[in-house]
Amino acid sequence: MTVEQFKQDILPMKNKLFRLALRLLKSSAEAEDVVQEIFLKLWSKRETLKEYRSIEAFAMTMTKNLSLDKLKAKSAQNVGLEFAALNDASDNPHQQMDTKDTIKKVYEIIDELPEQQKLIIQMRDIENCDFDEIAEVTQLSLNNIRVNLSRARKKVRDTLLKIQNYEFSSN
């Protein structure tokens, strides 16, 4: 694989790998380090990459494994997640704040899910990966992925409804 092929085929995955690492590590600096390390590993394996059915799935698996290794090594410190600003001009500031708070709550709920469910919901609902790609990364059957995704979504939905019902109940 030439430098140009690497730039064309591998580098566009940067943001996707970063978001996965960020979701697991909760630190932008550490996520950047993981992505950089993954690119170095991919570069060193550039001649054998054509053997893989999906280089993207291979890179996602590497990112997941390296991120989990880093978490285990440092006992998962809790650093706040940065949220993108909401730029919907049609919403008034109150609606924007409510939406931002809801998004923050959803991310907090996702962070409390078991690691496997957290990874699957991240890949499917946030990264828009297809089930085959998730299966390749997680080494789970498609049925197992669907069950875990369903449970994760139900937990997020139920917890969010419980929080919202509590906030809006009469005193």
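Just above sits the structure.
Report follows, based on the coordinates.

## Side note on the overall build of the protein
A tally of helices and strands in the protein yields 8 helices and 0 strands. Ordered by position in the sequence, the α and β elements of the protein form the string α-α-α-α-α-α-α-α. Across the protein, every contact between residues at least 6 apart in sequence was considered, and the portion connecting residues at least 24 apart equals 66%. When the accessible surface of the protein is summed, it comes to about 10600 Å², and 50% of that surface belongs to carbon and sulfur atoms.

## Focus on the packing of aromatic side chains
Per the stated rule, a full pass over the model turns up 3 aromatic pairs. Relative to Phe58, the ring of Tyr52 lies with its centre 4.0 Å away and its plane at 20 degrees, an arrangement referred to as stacked. By relative accessible area, which is 32% here, Tyr52 ends up partly exposed. The structure contains a cluster of three or more aromatic residues connected by ring pairs, namely Phe6, Phe39 and Trp43.

## Remarks on the nonpolar core
Grouped together as the largest cluster of nonpolar side chains are 41 residues, with contacts concentrated most on Leu17 and Leu42. Within the residue set of this core, elements represented by two or more residues are α2 (14–25), α3 (28–44), α4 (55–74), α5 (93–111), α6 (115–126), α7 (131–138) and α8 (142–168). For this core, the element with the highest residue contribution is α4, accounting for 7 residues. In contact with Leu17, not counting residues within four places along its chain, are Val35, Ile38, Phe39, Ala59, Met60 and Thr63.

## Describing the environment of Asn65
Considering the arrangement of structural elements, one finds Asn65 in helix α4. The exposure class assigned to Asn65 is partly exposed, which follows from its relative accessible area of 35%. Taking the C-alpha atoms as reference points, Asn65 and Ala21, 44 residues apart in sequence, are found 9.6 Å from one another.

## A short note on the packing of α6 against α7
Two numbers describe how α6 lies on α7: the axes approach to 10 Å, and their chain directions differ by 150 degrees. Read as a crossing pair, α6 and α7 show a hand that is right-handed. The residues of α7 that touch α6, namely those facing Leu119, Ile120, Met123 and Arg124, are Phe131, Glu133, Ile134, Val137 and Thr138. Here the contact of α6 with α7 is built from residues that sort into 6 nonpolar, 1 polar and 2 charged.

## Focus: unusual backbone geometry
Even without a glycine there, the phi angle at Lys26 is positive, about 60 degrees. Within the fold, Lys26 resides in the loop between α2 and α3. If you check the backbone angles, Gln139 has positive phi at about 65 degrees while not being a glycine. Looking at the secondary structure, you find Gln139 in the loop between α7 and α8.

Scoring rules and cut-offs
- Residues numbered from 1 in each chain as written.
- Predicted model: local features only at pLDDT ≥ 70, side-chain atom pairs only at ≥ 80, totals over all residues.
- Heavy atoms only, no water.
- Helix = DSSP H or I, 4+ residues; strand = E, 2+ residues; numbered from the N terminus.
- Contact = heavy atoms within 4.5 Å.
- Areas by Shrake-Rupley, 256 points an atom, 1.4 Å probe, with all protein chains shown as cover.
- Phe/Tyr/Trp six-rings, centres within 6.5 Å; stacked < 30°, edge-to-face > 60°.
- Buried < 20%, exposed > 50% of the residue type's maximum accessible area, 1.4 Å probe, protein only.
- Core = buried A, V, L, I, M, F, W, Y, C linked by side-chain atoms within 4.5 Å.
- Axes fitted to C-alpha atoms, helices over the stretch in contact; angles between N-to-C directions.
- Left-handed = near helix turned anticlockwise from the far one by under 90°.
- Nonpolar A, V, L, I, M, F, W, Y, C, P; charged D, E, K, R; others polar.

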